[in-house]
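The lines below spell out each chain.
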Amino acid sequence: MPSKKAASADNQQERLKLVGWVIGYIDGEGCFSVSLFRNKTTKFGWQVFPEFVVTQGEKSKNSLEILMKFFKCGKVFVNKRYDNHKENIYRYCVRSKKDLTETIIPFFKENQLKTAKKKDFEIFAKIVSMMNENKHSELDGLKKIAKMIEKMNQKKSSKFLESSETTS
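Residues numbered from 1 in each chain as written. Predicted model: local features only at pLDDT ≥ 70, side-chain atom pairs only at ≥ 80, totals over all residues. Heavy atoms only, no water.

Undergrad: How should the overall build of the protein chain be read in this particular structure?
TA: Looking only at helices and strands, the protein chain has seven helices and four strands in total. When the helices and strands of the protein chain are listed from N to C terminus, the series reads α-β-β-α-β-β-α-α-α-α-α. For the protein chain, the residues scored as buried account for 38% of the 168 residues in total. The contacts of the protein chain with a sequence gap of at least 6 include a subset with a gap of at least 24, amounting to 59%. Carbon and sulfur atoms form 51% of the exposed surface of the protein chain, whose accessible area is close to 10700 Å². (Helix = DSSP H or I, 4+ residues; strand = E, 2+ residues; numbered from the N terminus. Buried < 20%, exposed > 50% of the residue type's maximum accessible area, 1.4 Å probe, protein only. Contact = heavy atoms within 4.5 Å. Areas by Shrake-Rupley, 256 points an atom, 1.4 Å probe, with all protein chains shown as cover.)

Undergrad: Explanation requested: the nonpolar core in the structure shown.
TA: Side chains that are nonpolar tend, in soluble globular proteins, to be buried together. With 40 residues, the main nonpolar core has Ile26, Phe52, Phe71, Phe108 and Ile127 as its most contacted residues. Where this core is concerned, the elements lending two or more residues are helix 1 (4-29), strand 1 (30-38), strand 2 (46-57), helix 2 (61-71), strand 4 (89-94), helix 3 (97-110), helix 4 (117-132) and helix 5 (139-149). (Core = buried A, V, L, I, M, F, W, Y, C linked by side-chain atoms within 4.5 Å.)

Undergrad: It is not clear to me how the sheet that holds strand 4 should be interpreted in this structure. Could you clarify?
TA: Strand pairing in a sheet is mediated by backbone hydrogen bonds. Such pairs are either parallel or antiparallel. Here four strands make up an open sheet; going across it, the order is 1-2-4-3 and the pairing antiparallel. The sheet terminates laterally at strand 1 and strand 3 (75-79), the two strands that pair on one side only. Ignoring which end each strand starts from, the neighbouring axes of this sheet average 40° apart. Inspection of the sheet shows strand 3 paired to strand 4 by five bridges, in the antiparallel sense. By the bridge assignment, Val76 is partnered in strand 4 with Tyr92. Across the sheet, helix 2 touches strand 2, strand 3 and strand 4, and the angle it forms with strand 4 is around 10°. Against the sheet, helix 5 makes contact with strand 1 and strand 2, and its axis sits at roughly 135° relative to strand 1, the strand it touches most. (Pairing = 2+ DSSP bridges. Axes fitted to C-alpha atoms, helices over the stretch in contact; angles between N-to-C directions.)

Undergrad: What is the right way to read the packing of aromatic side chains from this model?
TA: To describe a pair of aromatic rings, one takes the distance between the centres and the angle between the planes. Applying the stated criterion across every chain, the model contains 15 aromatic pairs. On the numbers, 4.7 Å between centres and 15° between planes, the contact of Trp21 with Tyr25 is stacked. Note that Trp21 and Tyr25 are positioned in helix 1 at a spacing of four residues, about one turn of the helix. Summarising the aromatic geometry, the rings of Phe52 and Phe71 are spaced 6.0 Å apart at their centres and angled 85° between planes, so their arrangement reads as edge-to-face. A residue pair is termed long-range when its members are at least 10 positions apart, and Phe52 in strand 2 and Phe71 in helix 2 qualify at 19 residues. Relative accessible area serves as the criterion here: at 5%, Phe71 is assigned to the buried category. (Phe/Tyr/Trp six-rings, centres within 6.5 Å; stacked < 30°, edge-to-face > 60°.)

Undergrad: What's the story with helix 3 in this structure? I'm lost.
TA: Its 14 residues place the ends of helix 3 19 Å apart at the C-alpha level, agreeing with the 20 Å of an ideal helix rising 1.5 Å per residue. A maximum bend of about 30° is found in helix 3 at Ile104, where proline Pro106 lies one to four positions downstream. (Expected span 1.5 Å × (residues − 1). Bend = angle between axes of the 7 residues up to and from the residue.)

Undergrad: Is there a simple way to explain unusual backbone geometry in this structure?
TA: Excluding glycine, residues mostly carry a negative phi; peptide bonds, for their part, are mostly trans. Phi angles above zero are rare outside glycine, and Lys72 is one such case at about 60°. Tracing the sequence through the fold places Lys72 in the loop between helix 2 and strand 3. Assessed through its relative accessible area of 74%, Lys72 is described here as exposed. Even without glycine at this site, Asn134 takes up a positive phi of about 65°. Mapped onto the elements, Asn134 comes out in the loop between helix 4 and helix 5. A relative accessible area of 43% places Asn134 in the partly exposed class.

Undergrad: What is the right way to look at helix 2 in this model?
TA: Count 3.6 residues to each turn of an α-helix, and residues three or four apart come out pointing the same way. Residues of helix 2 that are buried include every one of Ser63, Leu64, Leu67, Phe70 and Phe71, and no others. The buried residues of helix 2 all sit within an arc of 120° when viewed along its axis, so they share a single face. Following helix 2 by one or two positions, Lys72 has its phi on the positive side, about 60°. (Arc of directions from axis to C-beta.)

Here you go:
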């Protein structure tokens with residue numbers, strides 16, 4: 001029977017392998033996104049909506065469950081397909097500001113992404129930080145966030161920045 005130290009070292013090795021897999025997987029399949037939606041219940045009529053998402057076909061759903069177990073947050077949702085594709089799409093999503101702030105962002109700050117997604121992550125982390133400071137509740141902060149969103153994931157111009165709330 002292996003000693004506790006040996007078992008602990010094995011667990012450490014497995015954890016490091018899993019961390020490496022997570023980084024590579026997210027570099028290829030993950031998405032850090034922030035959207036602005038119209039919402040009449042908010043102060044300026046717009047809601048900031050950050051989310052960390054990984055999408056896969058039904059055959060690879062297990063990989064999303066591995067991520068959910070690894071991060072201990074988020075949920076896996078099914079997007080039913082009604083087109084000519086045979087399998088449903090599954091999404092692992094983390095939307096909770098608390099989970100993004102306490103789990104997802106610290107993990108990716110410590111374990112750097114290697115692709116262009118690194119830049120999207122950095123913008124994403126800055127926006128979530130601004131939200132934690134309530135900057136999204138101020139018009140100037142909302143404008144800054146909208147401009148930052150335009151630099152992520154090859155987004156087009158923000159409808160918020162073109163709206164009457166910001167152009168007058």
